[in-house]
Amino acid sequence: MLEIITYPNKLLFTRSQEVEKFDENLHKLLDDMYETMISSNGIGLAAIQVAKPLRIFLINLLNDKEEQNKEDLIEFINPVITPIGEGTQVYEEGCLSVPGFFEEVTRYDRIKVDYCDRFGNAKSLEADGLLAVAIQHENDHLNGHLFIEKLSFNGRKKLEKHLKNSKKSKK
Ligand code: QAP
Ligand code: CO
């Protein structure tokens, strides 16, 4: 298990670097990130959330039976995202680095992603729905951005209240 860093840790606001070596160290990091994501009840995790500033994230959505199977895991390395069309969608997002807070965010409806797998093979996929949301959320982490930067005025107020309350319960 790796430790997940949380807001307002300043590492979360740093830009991650491209992966250059697709070696056993990378594979170990990907495996450790997977274990960390699953034991934290996550469906997505970026390397910067475990304090590794590398352009890597994992997504493992639930299937239509609401099961989270490792065979549905996608590992994205050095991803590049391109929106398809102008459509947008709204989804109630959360983040393991902002524990206990969930709020609506607007994202592109459809995207194309070019990325590498763990062996350095070039891959490409088109996504919509929740997968498109998850990819955009995780890709923001690689550029030092959090979903809470995209909140509406009322969402921001909710966040302030949440942060105050979680500080109180820590004391
Ligand atoms: C990113 O988020 C994401 O606060 C992944 O108490 C967001 O796995 C993908 C989580 C929106 C798709 C849509 C957060 C678990 C998990 C929490 C997560 C918490 C427990 C968040
Ligand atoms: Co996140």
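Scroll up to find the structure this text is about.
Residues numbered from 1 in each chain as written. Chains lettered and ligands numbered in written order. Predicted model: local features only at pLDDT ≥ 70, side-chain atom pairs only at ≥ 80, totals over all residues. Heavy atoms only, no water.

### Description of the coordination of the cobalt ion (ligand 2)
Point 1. Of the protein atoms, only Cys-95 (SG), His-137 (NE2) and His-141 (NE2) coordinate the cobalt ion (ligand 2), at distances of 2.1 to 2.3 Å.
Point 2. Along the chain, the residues donating to the cobalt ion (ligand 2) are arranged with the sequence spacing C-x41-H-x3-H. Of the two residues, His-137 and His-141 are both situated in helix H2 (residues 129-142); the distance of four residues between them amounts to about one turn of the helix.
Point 3. On the basis of relative accessible area, His-141 is assigned to the buried category, the value being 0%. (Donors = N, O, S within 2.8 Å, 3.2 Å for Na, K, Ca; no water. Helix = DSSP H or I, 4+ residues; strand = E, 2+ residues; numbered from the N terminus. Buried < 20%, exposed > 50% of the residue type's maximum accessible area, 1.4 Å probe, protein only.)

### Examining the side chain of Gln-49
Point 1. Within the element layout of this structure, Gln-49 appears in the loop between strand E1 (44-46) and strand E2 (56-59).
Point 2. Looking at Gln-49, its side chain comes within polar contact range of the main-chain nitrogen of Ala-46, at 2.8 Å.
Point 3. At 3.0 Å, the side chain of Gln-49 and the side chain of Ser-97 are in polar contact.
Point 4. Among all residues touching Gln-49, those that are not within four sequence positions of it are Glu-3, Ile-4, Ile-5, Leu-12, Gly-44, Cys-95, Leu-96, Ser-97, Glu-138 and His-141. (Polar contact = N/O pair within 3.5 Å; in protein donor to acceptor, adjacent residues only side chain to side chain. Contact = heavy atoms within 4.5 Å.)

### Side note on the environment of Leu-29
Point 1. On the secondary structure map, Leu-29 appears in helix H1 (residues 24-39).
Point 2. Once residues lying within four places of it in the same chain are set aside, the contact partners of Leu-29 are Leu-2, Lys-52, Leu-54 and Ile-56.

### Quick word on the site of ligand 1
Point 1. The full set close to ligand 1 counts 19 residues, and Gly-42, Ile-43, Gly-94, Gly-100 and Glu-138 are the nearest of them.
Point 2. Between ligand 1 and the protein, one listed contact pairs an oxygen atom with a backbone N or O atom of Gly-94 at 3.5 Å.
Point 3. Coverage of ligand 1 by the protein chains reaches 85% of its 500 Å² of free accessible surface.
Point 4. With respect to the detected pockets, ligand 1 is housed in the largest pocket. (Near = heavy atom within 4 Å. Areas by Shrake-Rupley, 256 points an atom, 1.4 Å probe, with all protein chains shown as cover. 1 Å grid on protein atoms, 1.4 Å probe; cavity = no way out; pocket = protein on both sides within 12 Å on 5 of 7 lines; lining within 4 Å. Sits in = over half its atoms within 2 Å of the grid points.)

### Examining helix H3 (residues 153-170)
Point 1. A rise of 1.5 Å per residue sets the reference length of H3, with its 18 residues, at 26 Å; its end C-alpha atoms lie 26 Å apart and thus fit the reference within 8%.
Point 2. Buried within H3 are the following residues: Gly-155, Leu-159 and His-162. Along the axis of H3, the buried residues cluster in a sector spanning 65 degrees; they form a single face. Away from its buried face by more than 90 degrees, H3 exposes Phe-153, Asn-154, Lys-161, Lys-164, Lys-167 and Lys-168.
Point 3. On its buried face, H3 is in contact with strand E5 (103-108). (Expected span 1.5 Å × (residues − 1). Arc of directions from axis to C-beta.)

### Regarding the sheet that holds E1
Point 1. The strand order E1-E2-E3-E6-E7 describes an open sheet built from five strands, whose pairing is antiparallel. The open sheet terminates on both sides in strands that have one partner only, identified here as E1 and strand E7 (122-128). Neighbour-to-neighbour, the strand axes of this sheet turn through a mean angle of 40 degrees, independent of strand direction.
Point 2. Here H2 sits on the sheet and contacts E1, E2, strand E3 (74-83), strand E6 (110-116) and E7; the angle it forms with E2, its principal contact strand, is near 155 degrees. (Pairing = 2+ DSSP bridges. Axes fitted to C-alpha atoms, helices over the stretch in contact; angles between N-to-C directions.)

### Focus: the nonpolar core
Point 1. Counting residues in hydrophobic clusters, the biggest one holds 17 residues, and the most contacted among them are Ile-59, Phe-76, Leu-125, Leu-131 and Ile-135.
Point 2. Listed by contribution, the elements that provide at least two residues to this core are E2, E3, E6, E7 and H2.
Point 3. In terms of residues, this core owes the most to one element, H2, which gives five residues.
Point 4. With residues near it in sequence (within four places) discarded, Leu-125 still touches Ile-74, Phe-76, Ile-111, Lys-112, Val-113, Tyr-115, Leu-131 and Ile-135.
Point 5. In this structure, Ile-4, Leu-29, Leu-30 and Leu-45 belong to the second largest nonpolar core, which totals 16 residues. (Core = buried A, V, L, I, M, F, W, Y, C linked by side-chain atoms within 4.5 Å.)

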